[in-house]
Amino acid sequence: MIWNFMENIKPTRGVSHGNFAGAGNEQGVPADFSARQTHAQETRAKSQKRFRYAFLTSPDSVAIIRAKDKIYTEINEMFSLFLGYAKEDIIGKSFSEVAAWQDRKEQQNLLADIGRRGPVSNREARFIDSEGTVKTGLLSVMTMPLDQELHFVLAIRNIDALRIVEDALEKS
């Protein structure tokens, strides 16, 4: 029924059959659609490049973790340095396999809070590096879609030096 209706429509002036404003291709796709699609792809590529540079050069430890199974999918160099593990020892492992939390309950509370309230900002947490040293960091976590799956972006700012200065000031 609708196809019969469509066949009876006559092109208007300046618009040939299957084309918009006289421009397009045999399938009736506007010529500027391809240009818009190319522009969108270029914009996306530039955005991904900016994100990648920010991720790699951040002075904070940053990890991307797949939400459904808590698997580390990417970390930056600072994350590796903070915990003392090689990237290859973390990528593909879960939260529980990378024994980085001093207190597992703190880790569980964080995940519960993200589930209830969403992003977490500047929560103090303690971690254990590969040599057993306890490190203190301000932890921020938010979710983002990536490759059609939900992921956590976790950032840790090392505040050990700040704690040393605070302790020295308290003693003086």
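Our structure is the block above this text.
Summarised in this report is the structure supplied together with it. (Residues numbered from 1 in each chain as written. Predicted model: local features only at pLDDT ≥ 70, side-chain atom pairs only at ≥ 80, totals over all residues. Heavy atoms only, no water.)

Scanning the chain for helices and strands turns up 5 helices and 5 strands. Shown N-terminal to C-terminal, the secondary structure of the chain runs as helices and strands in the order α-α-β-β-α-α-β-β-β-α. Taking all 172 residues of the chain together, 28% fall into the buried category. Taking contacts inside the chain between residues at least 6 apart in sequence as the whole, the part at least 24 apart equals 33%. Accessible area for the chain stands at about 11,900 Å²; split by element, carbon and sulfur atoms hold 56% of it. (Helix = DSSP H or I, 4+ residues; strand = E, 2+ residues; numbered from the N terminus. Buried < 20%, exposed > 50% of the residue type's maximum accessible area, 1.4 Å probe, protein only. Contact = heavy atoms within 4.5 Å. Areas by Shrake-Rupley, 256 points an atom, 1.4 Å probe, with all protein chains shown as cover.)

This part covers the pattern of salt bridges. For the structure on display, the rule yields 12 salt bridges. The partner of Arg163 in a salt bridge is Glu124, with the nearest N and O atoms 2.2 Å apart. A residue pair is termed long-range when its members are at least 10 positions apart, and Arg163 in helix 5 (residues 160-171) and Glu124 in strand 3 (residues 120-128) qualify at 39 residues. Of the residues examined, Arg163 reaches a relative accessible area of 24% and is grouped as partly exposed. In this structure, Lys135 and Asp129 form a salt bridge, with 3.7 Å as the shortest nitrogen-oxygen distance. With relative accessibility at 16%, the residue Lys135 sits in the buried group. Residue Asp129 is classed as buried on the basis of its relative accessible area, which comes to 9%. Because the salt bridges share partners, they merge into one network encompassing Glu106, Glu124, Arg126, Arg163 and Glu166. (Salt bridge = Lys/Arg side-chain N within 4 Å of Asp/Glu carboxyl O.)

The subject of this paragraph is the nonpolar core. Counting residues in hydrophobic clusters, the biggest one holds 23 residues, and the most contacted among them are Tyr72, Phe79, Leu83, Phe127, Leu139 and Leu154. Elements represented by at least two residues in this core include exactly strand 1 (61-66), strand 2 (71-75), helix 3 (77-83), helix 4 (104-117), strand 3, strand 4 (134-146) and strand 5 (149-158). (Core = buried A, V, L, I, M, F, W, Y, C linked by side-chain atoms within 4.5 Å.)

Here we come to the packing of aromatic side chains. The final tally for this structure, using the stated rule, is 5 aromatic pairs. Ring geometry for Phe95 versus Trp101: centroids 6.3 Å apart, planes at 55°, classification tilted. Residues Phe95 and Trp101 agree in their burial class; the two are buried. Look at Trp101 and you get buried, because its relative accessible area is 5%. (Phe/Tyr/Trp six-rings, centres within 6.5 Å; stacked < 30°, edge-to-face > 60°.)

A sheet is described by the order of its strands in space; here 5 strands give the open sequence 2-1-5-4-3, paired in antiparallel fashion. What marks the edges here is a single partner per strand, and that holds for strand 2 and strand 3. Going across the sheet, the axis of each strand differs from the next one's by a mean of 35°, ignoring polarity. Bridge count between strand 1 and strand 2: 4 bridges; the pairing is antiparallel. Within strand 2, the position partnered with Arg66 by the bridge is Ile71. Running at roughly 160° to strand 3, helix 4 makes contact with strand 3, strand 4 and strand 5 of the sheet. (Pairing = 2+ DSSP bridges. Axes fitted to C-alpha atoms, helices over the stretch in contact; angles between N-to-C directions.)

Time to look at the pairing of strand 5. Pairing analysis gives 6 bridges linking strand 1 to strand 5, with the strands arranged antiparallel. Bridged to Ile65 within strand 5 is Phe152. Of the pairings in the sheet, the one linking strand 4 to strand 5 comprises 10 bridges and is antiparallel in character. Bridging across to strand 5, Ser140 finds its partner in Ala155.

What follows concerns the side chain of Ser61. Counting through the fold element by element, Ser61 comes out in strand 1. Looking at Ser61, its side chain comes within polar contact range of the main-chain oxygen of Met78, at 3.1 Å. Residues contacting Ser61, with those up to four places away along its chain left out, are Asn76, Met78, Phe79, Phe82, Leu154, Ala155 and Ile156. (Polar contact = N/O pair within 3.5 Å; in protein donor to acceptor, adjacent residues only side chain to side chain.)

Geometric values such as these leave the question of function open.
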